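A closer look at the structure
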Amino acid sequence: SSVIAAASAELDVLPPSDAETRAVGEGAVGTQIHQMTLKYKFDVGDSKEGLSVVPRVQSLHAQLYDSPLDSLLWRLQDANGATLAYGGAIHDARPTRLQKGSYSVDLLLRHPQRSQLDALKNMPLMLRMMLTKPISSNVYGTRDAPSKHQAEPMKSHWLRRG
């Protein structure tokens, strides 16, 4: 389990903590389908406002609907097993605000070839975290301006092409 916090030095990419692969519908007529469930565990540290997160499987985010890799479904649960959010790996879901505690994300993948699923057993999950307050950043007109102590940041204005 990893502890996460917005704007921290910690990475927001989690390795799976568990992977389970099995055949689905054994004995059924037609193509044998295999499914794998990856589990990602993490903890949210102390935060007054909580932490808004959006689970995302970045490496599968651009998959087409007709891809042989099927399902691509995830479910966010708290420590008691209550489902807080769910979604697909193709589109982003709405942010879910989490308070201090332990959480897990289960990712369901299906494919006709078990070897394809086995190759994804270490696939990371990205947790996109919303910042609790904006971060300010100065913008300068030239690359060397920040190193010149007398340089002033640009004021608000439209940028032109080139």
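Everything below is about the structure shown above.
In this report, we go over the structure that sits alongside the text. Remember, predicted model here, so these are calculated numbers, not experimental data. (Residues numbered from 1 in each chain as written. Predicted model: local features only at pLDDT ≥ 70, side-chain atom pairs only at ≥ 80, totals over all residues. Heavy atoms only, no water.)

A few points about the overall build of the protein chain
Check the secondary structure of the protein chain and you find one helix and 10 strands. Starting at the N terminus, the α and β elements of the protein chain follow one another as β-β-β-β-β-β-β-β-β-α-β. Burial statistics for the protein chain: of 162 residues in total, 31% are counted as buried. For the protein chain, long-range pairs separated by at least 24 residues make up 71% of all intrachain contacts whose partners lie at least 6 apart in sequence. Working note: accessible area of the protein chain is about 11,100 Å², and carbon and sulfur atoms make up 50% of it. (Helix = DSSP H or I, 4+ residues; strand = E, 2+ residues; numbered from the N terminus. Buried < 20%, exposed > 50% of the residue type's maximum accessible area, 1.4 Å probe, protein only. Contact = heavy atoms within 4.5 Å. Areas by Shrake-Rupley, 256 points an atom, 1.4 Å probe, with all protein chains shown as cover.)

Notes on the pattern of salt bridges
Enumeration over the complete set of coordinates arrives at five salt bridges. Note that Asp118 and Arg114 form a salt bridge whose closest N and O atoms lie 4.0 Å from each other. Taken as a pair, Asp118 and Arg114 lie in helix 1 (residues 114-118) at a separation of four residues, close to a single helical turn. The exposure class assigned to Arg114 is partly exposed, which follows from its relative accessible area of 37%. For Lys148, the salt bridge is made with Asp144, and the minimal N-O distance between the two is 3.1 Å. Taking the relative accessible area as the measure of exposure, Asp144 reaches 36% and is therefore partly exposed. Residues joined in a network through salt bridges with shared partners are Lys39, Arg75 and Asp106. (Salt bridge = Lys/Arg side-chain N within 4 Å of Asp/Glu carboxyl O.)

Things to note about the side chain of Arg56
By the secondary structure assignment, Arg56 is in strand 5 (residues 51-56). The class of Arg56 is buried, set by a relative accessible area of 18%. A distance of 3.4 Å separates the side chain of Arg56 from the side chain of Gln58, its partner in a polar contact. Every residue in contact with Arg56, bar those within four places of it in the chain, is listed here: His61, Asp92, Leu125 and Met126. (Polar contact = N/O pair within 3.5 Å; in protein donor to acceptor, adjacent residues only side chain to side chain.)

A look at the environment of His34
In this structure, His34 sits in strand 4 (residues 33-44). Since its relative accessible area comes to 14%, His34 is described here as buried. Distance in space between the C-alpha atoms of His34 and Arg110 is 5.6 Å, their sequence separation being 76 residues. In this structure His34 touches Arg22, Ala23, Val24, Leu109, Arg110, His111, Pro112, Gln113, Arg114 and Leu117, once residues within four positions along its chain are discounted.

Looking at the pairing of strand 7 (residues 83-88)
Direction of pairing for strand 6 (residues 70-78) relative to strand 7: antiparallel, over a ladder of five bridges. Along strand 7, the bridge assignment pairs Arg75 with Tyr86. Following strand 6, the chain reverses through four residues before pairing antiparallel with strand 7; Gly81 in that reversal takes a positive phi of roughly 85°. (Pairing = 2+ DSSP bridges.)

Overview of the pairing of strand 4
Pairing geometry for strand 3 (residues 18-24) and strand 4, over seven bridges, is antiparallel. The partner of Ala19 across the bridge, within strand 4, is Leu38. Where strand 4 and strand 9 (residues 101-111) come together, 11 bridges link them in antiparallel fashion. Residue pairing across strands places Tyr40 opposite Val105, the latter belonging to strand 9.

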